[in-house]
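Listed below, chain by chain, are the residues.
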Amino acid sequence: AQSVTQLGSHVSVSEGALVLLRCNYSSSVPPYLFWYVQYPNQGLQLLLKYTTGATLVKGINGFEAEFKKSETSFHLTKPSAHMSDAAEYFCAVSDIRGGGTYKYIFGTGTRLKVLA
Amino acid sequence: DTEVTQTPKHLVMGMTNKKSLKCEQHMGHRAMYWYKQKAKKPPELMFVYSYEKLSINESVPSRFSPECPNSSLLNLHLHALQPEDSALYLCASSQDSTTDTQYFGPGTRLTVL
């Protein structure tokens with residue numbers, strides 16, 4: 001079975017500093033990987049995804065992530081944090097079930113705090 | 001347009017009430033999902049509908065009853081809920097159940113008294 005590990009339930013960065021949120025997965029087959037952001041009392045918004053092709057994926061709001069198969073990682077980065085980036089971030093991997101239905105396996109989430 | 005809408009935004013109900021949550025999408029997606037999310041936790045999958053048929057039921061108690069009247073609508077009927085059912089209920093959709101990317105609605109905040 002696939003699994004996702006997000007290192008660090010809370011990350012604090014200063015405004016303008018580099019943001020690095022870590023995600024490692026376990027998968028016996030090439031995975032589909034996602035990062036979502038959730039603001040308080042709101043739904044999940046897709047930041048970016050990796051399916052196939054280029055391993056460096058660019059998403060919305062200046063975020064990007066790199067798929068590293070050798071490290072089974074899909075870390076999320078942003079060069080310069082903004083106050084509006086403060087939110088909960090979830091990494092997810094697609095797990096294909098019987099009958100071809102996809103199910104997401106979510107990490108436990110990382111709360112990003114941006115300090116003025 | 002990647003919008004999934006959910007109503008109501010907030011719902012407070014007693015343990016003897018019957019209520020329904022609604023979800024709608026107009027992206028032509030044929031798979032729709034219900035998730036439950038407790039505070040500071042990731043979403044947990046409850047149900048998946050594919051082409052209006054229930055595809056996955058993650059052993060959810062029978063007090064939750066999903067319904068998919070057509071390809072654009074998904075309902076979650078609630079009856080005799082418990083206080084521990086209080087949570088954010090999220091709806092999502094994807095092109096079909098064999099497609100990777102899911103798009104989420106804003107959620108319904110449910111409080112059971």
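Conventions we followed
- Here the residue numbers are simple positions, counted from 1 along each chain's written sequence.
- Labels are handed out in written order, letters beginning with A for the chains and numbers beginning with 1 for the ligands.
- Selection of residues for local features in this predicted model requires a pLDDT of at least 70, selection of side-chain atom pairs for listing and counting requires 80 or more, and totals for whole chains, interfaces and linings are taken over all residues.
- Where side-chain values are given, they derive from all heavy atoms of the structure, hydrogens and water being excluded.
- What counts as a disulfide here is a pair of cysteine sulfur atoms lying within 2.5 Å.
- Helix and strand assignments follow DSSP, with helices taken as H or I runs no shorter than four residues and strands as E runs no shorter than two, numbered in order from the N terminus.
- Type-normalised accessible area, obtained with a 1.4 Å probe on protein chains alone, sets the label of each residue: buried when under 20%, exposed when over 50%, and partly exposed for intermediate values.
- Salt bridges are identified by distance alone: a Lys or Arg side-chain nitrogen within 4 Å of an Asp or Glu carboxyl oxygen.

J.: Looking at this structure, I do not really get the state of the cysteines. What am I missing?
T.: Covalent bonding between the sulfur atoms of two cysteines defines a disulfide. Scanning the model with the defined rule gives two disulfides over all chains in all. Note that Cys23(A) is cross-linked by a disulfide to Cys91(A), the S-S spacing being 1.9 Å. In this structure, the disulfide formed by Cys23(A) and Cys91(A) twists by about -65° around the S-S bond and is classed as left-handed. In this pair, Cys23(A) is assigned in the loop between β3 (19-21) and β4 (24-26) and Cys91(A) in strand β10 (residues 87-96), connecting sequence segments 68 residues apart. There is no split in this pair, since Cys23(A) and Cys91(A) are both buried. Shown here is the disulfide that connects Cys23(B) with Cys91(B), its sulfur atoms set 1.9 Å apart.

J.: How should the pattern of salt bridges be read in this particular structure?
T.: Any two side chains of opposite charge can pair, given that their charged atoms come close. Residues and elements named next belong to chain B. The final tally for this structure, using the stated rule, is seven salt bridges over all chains. One salt bridge connects Arg30 with Glu52, and the closest N-O pair in it is separated by 2.8 Å. Placement of Arg30 in the loop between β3 (18-25) and β4 (31-37) and of Glu52 in the loop between β5 (44-50) and β6 (53-57) is noted, with a sequence separation of 22 residues between them. A relative accessible area of 32% means that Glu52 is categorised as partly exposed. Of the charged contacts, one joins Arg63 and Asp85 as a salt bridge, the two residues approaching to 2.7 Å between their closest N and O atoms. Taken together, the residues Arg63 in the loop between β6 and β7 (64-70) and Asp85 in the loop between β8 (73-79) and β9 (87-94) connect sequence positions 22 residues apart. Under the relative-accessibility criterion, Asp85 is labelled buried at 2%. Salt bridges sharing partners connect three or more residues here, namely Lys36, Arg63 and Asp85.

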